[in-house]
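Chain by chain, the residues:
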Amino acid sequence: MKVAVIKYNAGNIKSVMLALKRLGLEGNLTDNPEEILNADRVIFPGQGEAISAMKYLKERDLDKVIKSIEKPFLGICLGLQLLCSHSEEGNTECLGIFDAKVKKFPNDLKVPHMGWNVGSLSDDVIFKNIKSPAYYYFVHSYYAEICEQTISQTDYMLPFSNVLKKNNFYAIQPHPEKSAEAGEQFLRNFLFEL
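Overview of the structure. (Residues numbered from 1 in each chain as written. Predicted model: local features only at pLDDT ≥ 70, side-chain atom pairs only at ≥ 80, totals over all residues. Heavy atoms only, no water.)

The biggest cluster of nonpolar side chains holds 35 residues, and the ones touching the most others in it are Y8, F44, L82 and L83. Looking at this core, the elements with two or more residues in it are β1 (3-6), β3 (41-44), α3 (50-59), α4 (62-68), α5 (78-82), β10 (142-144) and β13 (169-172). Residue contributions to this core peak at five residues, all from α3. Those residues in contact with L83 that lie beyond four places of it in its chain are F44, I66, F73, G75, L95, G96, I97, F98, F169, Y170 and A171. (Core = buried A, V, L, I, M, F, W, Y, C linked by side-chain atoms within 4.5 Å. Buried < 20%, exposed > 50% of the residue type's maximum accessible area, 1.4 Å probe, protein only. Helix = DSSP H or I, 4+ residues; strand = E, 2+ residues; numbered from the N terminus. Contact = heavy atoms within 4.5 Å.)

Count 3.6 residues to each turn of an α-helix, and residues three or four apart come out pointing the same way. Taken together, the buried positions of helix α1 (residues 13-22) are occupied by I13, S15, V16, A19 and L20. Where α1 is buried, its residues touch β1, β2 (27-30), β3, β4 (73-76) and α6 (180-192). Where α1 ends, the next residue or the one after it, G24, has phi of about 85°, a positive value.

This part is about the sheet that holds β10. In space, the four strands of this open sheet follow the order β6-β5-β7-β10, with mixed pairing throughout. In the strand order of this sheet, the two ends are held by β6 (92-93) and β10, each with one partner. Bridge count for strand β5 (residues 86-87) against β6 is two bridges, and the pairing is antiparallel. Opposite H86, over in β6, you have E93 as the bridge partner. (Pairing = 2+ DSSP bridges.)

Turning our eyes to something else, we now look at the pairing of strand β9 (residues 134-140). Of the two faces of β9, only one is covered, namely that formed by A134, Y136, F138 and H140; the face formed by Y135, Y137 and V139 stays uncovered. With seven bridges connecting them, strand β8 (residues 113-119) and β9 associate as antiparallel partners. Bridging across to β9, H113 finds its partner in H140.

What follows is about α3. Looking only at α3, the buried set comprises A50, A53, M54, Y56 and L57. With its buried residues spanning 155° around the axis, α3 presents them on a single face. Set apart from the buried face of α3 by more than 90 degrees, the exposed residues are K55 and E59. Buried residues along α3 sit against β3, α4, α5, β5 and β6. Capping the start of α3 is the job of one residue whose side-chain oxygen sits 3.1 Å from the backbone nitrogen of I51: E49. (Arc of directions from axis to C-beta. Polar contact = N/O pair within 3.5 Å; in protein donor to acceptor, adjacent residues only side chain to side chain.)

Printed below as a string of C-alpha cells:
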C-alpha cells in the first residue's frame with residue numbers, strides 16, 4: 001500500500017512516519033502532486049500556523065491537488081483546520097472541504113488545550129474497535145466548530161469537532177499518532193478498513 005504524507009512546511013511529521021512504521025507501512029513524505037495522487041492513502045499532518053501553511057500549499061498548487069483526491073484522506077490537527085472553510089488564525093481562507101470555521105479558544109480558557117481528553121464515538125467505520133471512553137492527545141489553540149460533517153466531538157469548556165468526515169475526507173483534531181490505543185486503532189481503521 002502506498003501512503004503519501006503531505007509535506008507542507010508544518011511540524012509533527014516524524015511522529016506520523018513512526019506511527020506508520022509501527023503499523024507495518026512506509027510513508028512517503030512528499031509535496032509531489034503525482035506521488036500524492038497515485039497513493040492509496042493520503043495523510044495531511046500538521047502542527048504550526050495556518051497562514052504560512054496555506055501559502056506553501058498554494059505556491060505548489062497543492063490546494064488544488066488536495067481538493068481533487070478521491071482516495072481515503074486524513075487530516076490531523078492543523079491538517080483538520082486547513083480542510084475547513086476559514087480560520088481566525090491570520091484571518092486565513094482555507095481549503096473548504098468541510099463547512100466548519102476554525103476559531104480561537106476564548107481568552108478565559110487555558111490555551112493551548114493540551115493533554116488527554118475524550119472524544120465521542122459514532123458508528124462510522126473509522127471508530128471500529130475503539131473502546132469508550134476514547135482518550136486522545138490534544139495540542140491546539142484553535143478549534144473547528146461543530147457542523148454537519150462532525151462525526152465526533154470533544155468538550156473543552158465548549159464543544160468542538162473532534163473528527164470530521166465528508167465523502168473520502170476524514171480529519172481529526174488530536175494527534176492519533178500520540179494517542180496510545182485509541183489513536184493507533186483510529187489510524188489502523190483509516191489505513192486498512194476504508
